[in-house]
Every structure is written in structure tokens, then in C-alpha cells.
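Residue-level structure breakdown
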There are 2 protein chains.
Amino acid sequence: MIIRIDMTTKEIKKQAVPKKYALLGGRGLTSRMILDEVNPLCNPLGPGNKVIIASGLLGGSAAPCSGRLSIGAKSPLTGGIKESNGGGTAAVKLSKIGIKALVVEGQPEEDKLYLLKVTPEGVELLPADELKGKGNYETVKILKQKYGNNYSILSIGPAGERGYSMASIAITDMEGNPSRHCGRGGMGAVLGSKKIKAVLIDDKGTRGVTYKKDEKEFKRIAREWSKTLIQTKAILTNFGTANLVTPMNALGVLPTKNFSTGCFENAEKISGEHLRELLEQRGGAYGHPCHPGCVIRCSNVFKDENGEYVTSALEYETIGLLGANCGIGNLDLVARLDRFCDDFGIDTMELGVTIGVVMESGMISFGDEKGVMQLIEELEKDSIMGKLIGQGAAVTGRVLGVQRVPSVKGQGISSYDPRALKGTGVTYATSPMGADHTAGNCLPGRKGYRPETMKDFDVTEAEGQWELSKDLQLMTAVCDYCGLCFFVGPTWENMEIISQLINARYGCSLSKDDVIALAKQLIKTEVEFNLRAGIPQSANGLPEFFYREKLGPKELTFDISEERLQRIFDNL
Amino acid sequence: MIIRIDMTTKEIKKQAVPKKYALLGGRGLTSRMILDEVNPLCNPLGPGNKVIIASGLLGGSAAPCSGRLSIGAKSPLTGGIKESNGGGTAAVKLSKIGIKALVVEGQPEEDKLYLLKVTPEGVELLPADELKGKGNYETVKILKQKYGNNYSILSIGPAGERGYSMASIAITDMEGNPSRHCGRGGMGAVLGSKKIKAVLIDDKGTRGVTYKKDEKEFKRIAREWSKTLIQTKAILTNFGTANLVTPMNALGVLPTKNFSTGCFENAEKISGEHLRELLEQRGGAYGHPCHPGCVIRCSNVFKDENGEYVTSALEYETIGLLGANCGIGNLDLVARLDRFCDDFGIDTMELGVTIGVVMESGMISFGDEKGVMQLIEELEKDSIMGKLIGQGAAVTGRVLGVQRVPSVKGQGISSYDPRALKGTGVTYATSPMGADHTAGNCLPGRKGYRPETMKDFDVTEAEGQWELSKDLQLMTAVCDYCGLCFFVGPTWENMEIISQLINARYGCSLSKDDVIALAKQLIKTEVEFNLRAGIPQSANGLPEFFYREKLGPKELTFDISEERLQRIFDNL
């Protein structure tokens, strides 16, 4: 079923899933509902926007890594359509209750906060003014004291309440900490504009999801796939995503000092290897799953020198952007910043790019750790400088007069320099999501699904990267609509496995081409929304300095023509 | 000829006018050259943008009111194409020297300021570092001391040097004061990004412009037209544009307190009638021409209580937006603010809309005169708050969390509420220039050129306003490419006169349909640039609150469908 919560009238309605949405889930469902129901020209923080919260097509099933939660809305950061997905415990519970989507719409006139309680018995809206201004950690603590430990909790921090465009939505992890985030695109600000501080979800008494066709077969495939993933993804299990720091630095891809070089002199100090050492020394954890059913387990738990919990999941993107990109070679500081972001409720990536831009302006220097902590204070205080940073890199760059602003469609670029990782550059330039590596990350060794892209490319060369990005954007969209972590691999082989799982669960008979066709439909939906929102394909491009400034000893520039970027989705 | 100044290499080149530009001038030429030469995705303040300075097709001629100067570039305020035109003495001199356009391109690497000296003998680039940080009034004073009084001077203030998106370019008036401004769209920031502080233009020794066909006939038509204008525009001569305050307030069109009502309780104190009284009492001037050859003479010279010069041309838009829109019923304060804007080099309109938005945020109250002066100090100091305001209403609203932001495509709305003056609302929503009344202002009594629009409309009703706006946008574009002040009237009768004048001057045989056809071409050029810059026609719309909040006793909303707004230029 679909549950609609109208925040203007406070009415809550159950709705049977319309037939047209039956085979949609995750990003597939959020983007479709946004196109169907949200005026593309609406104010993202006004009553016309909607927050759609949905688990994926395989959510709650025995499929490995299928517990990602998609949250979609028109983004206050990009002005376009957005889906941001995260791990944690919520998606599985929603699926088990049988809720395909929670739709939060309208807007209260009164300045009061609410929380939404979701159980198999029903959905309730409760007052939550006592949580005003509280960070996610305290919010979760208070809610657990009041409602017990069974709930998975989505929540927003002060940033979401204030409408900062970099505000995230936290999801509690398996230990009950608000450490998993739908970080990108300001979804927290949209939920905050609806005055929803938190969503509590408990699935007690439910029996688990149903399989229309062949539960045994589903579980057999899932088991086999899990085995393969456990074997092939050992590097993620052992070093987490931070394993990328060393190879990306070696390739010249690691954004350093506001994307001015791709090699950081202190890369070793923030490497996955060093992180692993610290985790071991201090009794932290690695090989830690971010959601139930995750077999890759790339997450970690970071502790300080005294063995006290700091944060969970210190990730490559956070380390790259709050570390190297700010000239900071100090994992303890990056971990404290990560904890701050999780608690305050903002995207670590957008903050890292934004601080890099502030450093570029000369207001503080690259590597100035004290200066960074002062900026954090400005955010906490909600000063003008804090409000400015809260709007992200593009707005901050404009106000501070910085010309080198690494963002696309208003969203900060992820932790890969597009001049040296050109396929990912194509994804940044063309994804309806704005600069977003998770929309199709063309790392070395990644392959597409067409013969000409089923080979290894030199990632620093333009050849083949446009095609590869297009393929990976489609196959990643498949993961996103299934609720699968894209670390299972957006690969042609996996499309086969995914089609079999969907068929076994839903009693249909999709081929792997069919699952790709659904992804094409999904991207078209998003492209159409963006066009109507005033963001045409002709806006596809990277910031000028990537075309002009040379990177590293190979003197790389981004050399894939704007015309090709603008036509990538012409004949989907 | 066309003069190109490359600020990267400091080379200055003369170029014969290409045939395709022969019948283009003013906005027609600036927009065409921008489409031909500027990458629409370039950074507006980077080396890829160009500033095109051009007088109109009738510039320097005996045609009345033909001395407007067009300045065009990709706008840092809207991200799209921009032309902003102003009076003053420069356009006539450029025409007399025979310069069709000055094109400033590239960007110096060094942080030094330059000035450009233009005479019939040639064009020189000179150092101007001693003018750094100086206001327009002081800049002009220093330049006159150094170079004498013969020059017409274009200049930028601190705002343009700093890259504020609301930065204007000043043009000296007939008394030598920098009081005429190409205000809209941040042209001053683009000139500042090229490190040009000032342009000096002297036409001494030139004989005036040539008439290819029939000088006598040209002058006869011009003389007759002047007579008609003097007779029919007496209200502008007597009360200036401020004559509009009283009728706009009566109609409920005068934006008051951030467009929350259309009637200002203190309208009388800022009315054209009261202004005229003050001008008379204090020895100011009215019926004052803003450029040589102006016969309408709507400008004025405002003096303070001691009879000291404060500013020239206190205009309706300034009074409406810095006055009523900020809840300020005090002409002396508005005049001081106007002087500040002229000196600091910013658009009075964008500042008025932005201060209204700051007031809406609650940071200061509507009507708080002291608070306004503090904001001015922030601008002067270049504090974070100052930098923020300098970026205009849209960015300020976003950072301060204000939902009611009256701007379109990033540019603040002029001093007419679009709910009560619906045709002008159509112009705001659809003009490639962003919200801009001068692109086609549908005041009561204005008529179009098609039979169905050649009648009076109720300006508060939707009927006929879409058609009227379209017609007026075209006929205004004709004025803009001729260098004619649009107060001559974008009327069907005037299209006939204008075609005769063009024919007599250039030896061609355009009909009035032909001059409209040139305007269609011009708008198409701009629409195409904007599409390529990522601003499609689907972005045409007004801020949400104009559709939702009711205005005045008639409970007016803006009720012209977004679909129609998006299709207005479909079949030009």
C-alpha cells in the first residue's frame, strides 16, 4: 500500500498501489510519483513539493544488500528531481509492513514539529516540539527512551529544520545510531519544510515479505549471489570504501585543495590502510554491515584515542572531500567532522566541497583545521556565514566570488576528479541528479553492457567513457529501483541475476534487457521532470575550469564535448 | 567599425562591420554577437564572457530620444543573455566616432585595473590602479581632472570590482555626473571581471553620423515626431516616471512590503506630485533630459533641504522598490539610497527587491530606515552579509530561508505587482531578460499591433494580456535595437515612423512588419542562447506565491497558465 500524510490537513490516507506502480520501487517509484504529482516549477520548500520514501523492488527480501531506502523530492539544492538512498534499518521494516511508499505532502501553517509513527497497526502523526533544534543523536536517544528500542528512526537535525540545502535525512543503523544518511540533494530540508522531525517505523508481528512465484528459487539465487559477493568484494569488507584513497591518489583522481590537484601529499594519513590500523588499535570495527542483509559489509565504527565511539562509516567520499579536498590529512578530524555532519544532519560531501570553496576564497587556508572548526561553529550558530555554507558550494562560491566551484546543477562534485576519471565526469555532467558518483561511477575495471564497453578503458582517456557512463547510469538505476546497494556491481552479469530475482518475487518474466528498459524509463522520467523544472539537457556540462586547467603530469583536461554530453539521453 | 579589446593579451583590434551585422544595433547587435561568440555555458565572470557596448541603429542621429546605450553579456545574475540600456552621453559619441560596438573580451591574469580611452584617433588601454575601490562619483571626478571635461565616461563602482551580481555600469549624464546606469543583470560585474574600471569616450572633431539615403527627409520625420512626443508625453516631462506612483497605488499595483500588498499607506509621501513639490522648493530640476536629443525629458535633479545636489533621476522603479516595497515613505531617504547605488555602482531595483526580502526574513522590519542604512554599511564593508545582498534577491532569499522571493530567472521583479498588472506579469515570466518591465510593460492604455490587441484591456484581468505582452515585447525590442528610449512608445504607429527613419538613414526599404520581423529574430536569438545556457522556455513562470496569495480587495492572483507562458515564443 501507499500511505499519504497530508501535513496541511493532518489527514493520513491509505491507498492501494495503482497498477502502473506495481513494478516500480525505490528510485523508480520516487521519481515516477514526483513526475506524476509535483509541479516541476514549485518551490522545493513550499507546500507543492512532496517527500516520497520508498524501499526497493527487492526490499525486505532475502536478496543480498537489498535494504537501501530511497527518498525522493524536488531538490532545494539542484532545483531538479532527486533521489537519495541510504542503508540502515528502515527499508526492510517498511517492506515487511507492506508499505510501498510513504508520501509526505502539503505543509502546516503552524510552526510546530511532528513525528510520524508507522507500525503494522497504522500510521500516526504526533507532536514533537520538544525535539526542536536537537541533533540526530539526541533526537534518537530521546525517541528511544520514549518509544523503546524496536523502532527504526528517520530523523533530521537542525540543518533540516532550518532549510539548509545540504540537509540530510538520517536513518538509524543496526546499532541504533543515526549514522546512515540520505545525504545528497537536501532531502532533509524538504522533510523539515513539512515539519516532520522524525519517522519511527516498527514492523513487529509482521511475517516478512511474500514471493509471488518461487520463494525457494529466489532464496537459492540469493544465496549463490551472496557467496559470490562475499568472495569478490573482500577489499570493501576489509578496508571499506576508504580502500580507494591510495589507488585514487596514485591515479591523480583524489580531489585535493578544491580540485587543484589529484594527488594529496598526506594521502597516506587518510588512507584505507591507515584507517584499518586505527580501527584495530582502538577497538573500532570494520567489515560492518550498514543494513540487515548486507554481505559486503564495507561500513566501519570509528573510535577516538580513548576508545570512545565517534562515528560510524568513515567513507571514501567523506575522507576525500573533507580531507584531501580541504588539505586536511587527519583522520581524527575527518571523523569528528563526519560525526558533526551526522548529528547536525548534513551531507558530508557537500560540506567538504563547500569548505574547499571557502578555502579557495582565501577566507581560511587549505589545511587550516582551526578555521574549519570555526566554520562548523558558524553552522551551529546559524550565522549568516553558517546559513551561506548550509546552501552548499554553488551558492557559497557565488557569494564569496569564487570562480573555481566544483559543482554541477548546483550539487558539489564527488571525490573523483573528472579530468582523470573521465567516465565519472560524464556522469557528473549528465545525470539528472547533478554531480553524483553513485549515479554511475566509472572506476577502473568497470564495464558496461554493450560489446564495445565490455572492455577495460584507460580512465584518463576520453575514448569509450561516454558510452560506459551511459551504461553504468542505466545499470546503477536498476540497483536503485531494486533497493540494492550499487556495490553489488552495476554489471551485465548482475542484470541477469536481478531479473531472475524480480521474476521469482513478482511472478513476471523479465529478461535482462527488460530490467535495463525499466531503467531507461526511469532516467527518461527524471530528464522530463528536469526539463519542466527548467533544467534542460543543454545544461549538461562541467564547470569551466575542468576544461581549461591542466591536471597532473599528464596535463589532463576534461575533453568530452558538451554536445555529446547534451545528447547522451537522446535515444533512450 | 567594431573595436575588440582583448584583456588577456591587451591587444586592440579594429574590425570592419561584417555584412550580417549591418542592420543590427543596440540590443539587436549585443544579443547577436553574444550568441555568435560566447559559450552559453561559460562562467559569466570568467574569460569566456564578453561585454558588448553598442549604440542603436538610430544612435547619434537627429531622431528624438535615440541616445540609449546598450550593454550586453551573459549575466551573472540570471545566467542567461542580458542587455541593459541607459541614457547619458556615451551612445551619441560612439556613433559619431563611427564605432558600432566595443567588444571587451578575455581576462587579465594580473590583479590590475585598466581604463579604455576611445577617441576618433584610436583606442588605448591605460593603467587605472589608482581608481581601485573608488565610487563612481569620485572616479569621474579624478578622471575629469586628469583628462578634461570632454569625455563621456562609463565606469563601475566597488560593486563591479567585487563581482556583485547587482553591479551596474554608470554613464555620465549631460552635467557630467555618473547618474545614468545600465543597471540590470550585473553588467558592471562582467566589466569588472575584465578589470576595466572606466571607459572614456571623446568624439571631438567628428562631423556627426551619415545618412545614406535622405538626410532632409530623415530630419523632417524626426522633427515631426519630436513635436508629437513633446505634446503627448507632457506628464513625463512634468512629473517624471514618478508620476506612476499615484495611479499604480490606486490600481493596487505598487509593490508594498515585499509584494504583500499593492497599496502603500504612505504612497502620497513618495508620489510624483510630492517629488515635484520638493524639486521646486529646493531648486532641483524636472523636465531634465537624460541624454542629448531627448525631447521627453523625464529625468530630474534631486537636492537636499540645503539645496545641495543629492542625485539625478529619482525614478518610479527606485521609489517603488526602495520605497513602498521596503515600507519606506521618505523621499529623502530614497534619494540618498539612489545616490549610494549610483556611486557604489548597483541596480536600485535589485537592491530594493533584495532589501524587501531581508525584511521578510525578519532580520530588520519593514520601514526600518536605520536597519536599511546598516545593510548599506554591510555592502560598503563587503562583509558576508554585504556580499550576500550584492548577489541579489534570489540568492539572498535562498540563504535567509525566505520563500516569498519576487524574482524570475534570478532577477528581481520591477515595481509592478504582476497579479494586478497581468500583462507585465507575462513579460516578467517570459522575457529572456528575466523579470524586467522595460522588456514590455503592459500599463493601462498600452496597445499591441494586432487587431485583437489594439483595444483597452482591464489590466487586472487575464484576457488579452498574453497577446499584449508578446506584442509589446516585440515593439520594445524594436526601440532597443534602435537605441530609442522606450518612452517614445512601443506602438504600432511608431513602428511606421521608425521604419521610415531606418530607411532614410540606411537606404533600405523596410516596412513596419519588417522592423517587427527583426525584433522577432532578436528575441529568437536570445531564447536560443538561454536554452543553450540551460534556461529553457519551460522555466518561464512566476514565483509560486503570486499564484497562491490573493492581492487586494479583488483577491487577484496571477492566473495565466504556465503552459501559455512557456509557449509564447513558439511560433515567432
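Residues numbered from 1 in each chain as written. Chains lettered and ligands numbered in written order. Predicted model: local features only at pLDDT ≥ 70, side-chain atom pairs only at ≥ 80, totals over all residues.

1. A look at the overall build of chain A
For chain A, the helix and strand inventory stands at 21 helices and 17 strands. The C-alpha atoms of chain A give 22 Å as radius of gyration, which agrees with the globular expectation for 572 residues (25 Å, within 12%). Projected onto its principal axes, the C-alpha coordinates of chain A cover approximately 60 × 55 × 50 Å. Each of the 572 residues in chain A was classed as buried or not, and the buried ones make up 63%. Taking all contacts inside chain A whose residues are at least 6 apart in sequence as the whole, residues at least 24 apart take part in 70%. (Helix = DSSP H or I, 4+ residues; strand = E, 2+ residues; numbered from the N terminus. Rg over C-alpha atoms; globule rule 2.2 N^0.38 Å. Buried ≥ 20, exposed ≤ 12 C-beta atoms within 10 Å, placed from the backbone. Contact = placed C-beta atoms within 7 Å.)

2. Re the interface of chain A and chain B
Taken together, the contact between chain A and chain B spans 29 residues of the former and 29 residues of the latter. Put simply, the parts of the chain that give the side of chain A that touches chain B at least two residues each are helix H14 (384–390), helix H15 (393–400) and helix H19 (512–532) of chain A. Here the side of chain A that touches chain B is built from residues that sort into 13 nonpolar, ten polar and six charged. (Nonpolar A, V, L, I, M, F, W, Y, C, P; charged D, E, K, R; others polar.)

3. Here we look at the domain arrangement of chain A
Residues and elements named next belong to chain A. Assigned domains of chain A: these are domain 1 (2–201), domain 2 (235–411) and domain 3 (422–566). Each of domain 1 and domain 3 has a C-alpha centre, and the two are 26 Å apart. In this assembly, 35 residues from domain 1 lie in contact with 27 residues from domain 3. Where the side of domain 1 that touches domain 3 is concerned, the elements lending two or more residues are helix H1 (26–37), strand E4 (69–74) and strand E5 (81–86). The leading source of residues in the side of domain 1 that touches domain 3 is H1, at seven residues. Each residue belonging to the side of domain 1 that touches domain 3 can be placed in one class, and the counts come to 13 nonpolar, 15 polar and seven charged. (Domains from an automatic or database assignment.)

4. Here we look at the relation of the copies chain A and chain B
In the superposition of chain A on chain B (RMSD 0.0 Å, axial shift 0.0 Å), the rotation amounts to 180 degrees. One copy is carried onto the other by what is essentially a two-fold rotation axis. A high fraction, 100%, of the interface residues of chain A reappear at the interface in chain B, so the copies pair face to face through one surface. (Least-squares fit on C-alpha atoms with pLDDT ≥ 70 in both.)

5. Section: the sheet that holds strand E13 (residues 285–288) of chain B
All names here are of chain B. The sheet built from three strands is open, its strands ordered E13-E14-E15 with antiparallel pairing. Looking at strand neighbours, the two that pair on one side only are E13 and strand E15 (309–312), the edges of this open sheet. Neighbour-to-neighbour, the strand axes of the sheet open up by a mean angle of 15 degrees, direction not taken into account. Contacting strand E14 (299–303) and E15, helix H11 (residues 331–344) crosses the sheet at an angle of about 70 degrees to E15. (Pairing = 2+ DSSP bridges. Axes fitted to C-alpha atoms, helices over the stretch in contact; angles between N-to-C directions.)

6. Looking at unusual backbone geometry
The residue Lys 257 of chain A is not glycine, and still its phi comes out positive at about 50 degrees. Here Lys 257 of chain A falls in the partly exposed class, since 19 other C-beta atoms lie within 10 Å of it. Positive phi, normally seen in glycine, also occurs at Ala 313 of chain B, with a value near 65 degrees. Tracing the backbone shows Ala 313 of chain B in the loop between E15 and helix H10 (316–323).

7. Observations concerning H1 of chain A
Residues and elements named next belong to chain A. Taking 1.5 Å per residue as the helical rise, H1 with its twelve residues ought to reach 16 Å, and the 16 Å between its terminal C-alpha atoms agrees with that figure. Summarising burial for H1: nine of the twelve residues are buried, a large majority. Looking at H1, one finds that the buried residues are Gly 26, Arg 27, Gly 28, Leu 29, Thr 30, Ser 31, Arg 32, Met 33 and Ile 34. For H1, the secondary structure elements touched by its buried residues are strand E3 (51–55), E4, E5, strand E6 (101–105), helix H17 (465–482) and H19. (Expected span 1.5 Å × (residues − 1).)

8. What to know about the confidence of the model for chain A
A low pLDDT score tells you not to read the predicted coordinates there in detail. The predicted model of chain A has a mean per-residue pLDDT of 97, with 100% of residues at 70 or higher. In the model output, the complex is listed with pTM 0.97 alongside ipTM 0.95. (pLDDT = per-residue confidence, 0-100.)

9. Topic: helix H9 (residues 272–281) of chain A
Residue and element names in this part refer to chain A. Considered for burial, the residues of H9 that qualify are Gly 272, Leu 275 and Leu 279. Projected down its long axis, H9 shows its buried positions confined to an angular sector of 55 degrees, all on one face. Opposite the packed face of H9, turned more than 90 degrees from it, sit the exposed residues Glu 277, Glu 280 and Gln 281. Here the buried face of H9 lies against helix H7 (234–239), helix H8 (245–251), strand E13 (285–288), strand E14 (299–303) and helix H11 (331–344). (Arc of directions from axis to C-beta.)

10. Considering the environment of Thr 241 of chain A
All names here are of chain A. Topologically, Thr 241 is positioned in the loop between H7 and H8. According to the C-beta neighbour criterion, Thr 241 is buried, with 22 such atoms within 10 Å. Between the C-alpha atom of Thr 241 and that of Leu 314, which follows or precedes it by 73 residues, the distance is 8.4 Å. Those residues in contact with Thr 241 that sit more than four places away from it in its chain are Leu 236, Cys 298, Glu 315 and Tyr 316.

11. Digging into the packing of helix H10 (residues 316–323) of chain A against H11 of chain A
Residue and element names in this part refer to chain A. In contact at an axis separation of 10 Å, H10 and H11 are set at 110 degrees when each is read in the N-to-C sense. Here H11 runs roughly perpendicular to H10, going by the angle between their axes. Residues Thr 318, Ile 319, Leu 322 and Gly 323 of H10 form the contact with H11, whose own contacting residues are Val 334, Leu 337 and Asp 338. Counted by class, the contact of H10 with H11 contains four nonpolar, two polar and one charged residues. (Parallel < 35°, antiparallel > 145°, perpendicular 65-115°, else oblique.)

12. Describing the environment of Ile 12 of chain A
Residue and element names in this part refer to chain A. Note that Ile 12 resides in strand E2 (residues 11–15). Each C-alpha atom of the pair Ile 12 and Glu 124 lies 7.8 Å from the other, and the pair is 112 residues apart in sequence. Setting aside residues up to four positions removed in sequence, Ile 12 forms contacts with Ile 3, Ile 5, Val 123 and Leu 125.

13. Some details on the pairing of strand E1 (residues 2–6) of chain B
All names here are of chain B. Side chains of E1 alternate between two faces, with Ile 3 and Ile 5 buried and Ile 2, Arg 4 and Asp 6 left unburied. Judged from the five bridges that link them, E1 and strand E2 (residues 11–15) form a sheet pairing that is antiparallel. Counterpart to Asp 6 in the pairing with E2 is Glu 11. Adjacent in sequence and paired antiparallel, E1 and E2 are bridged by four residues, among which Lys 10 carries a positive phi angle near 65 degrees. Relative to strand E6 (residues 101–105), E1 runs parallel, the two sharing five bridges. In the sheet register, Arg 4 faces E6, and the bridge partner there is Val 103.

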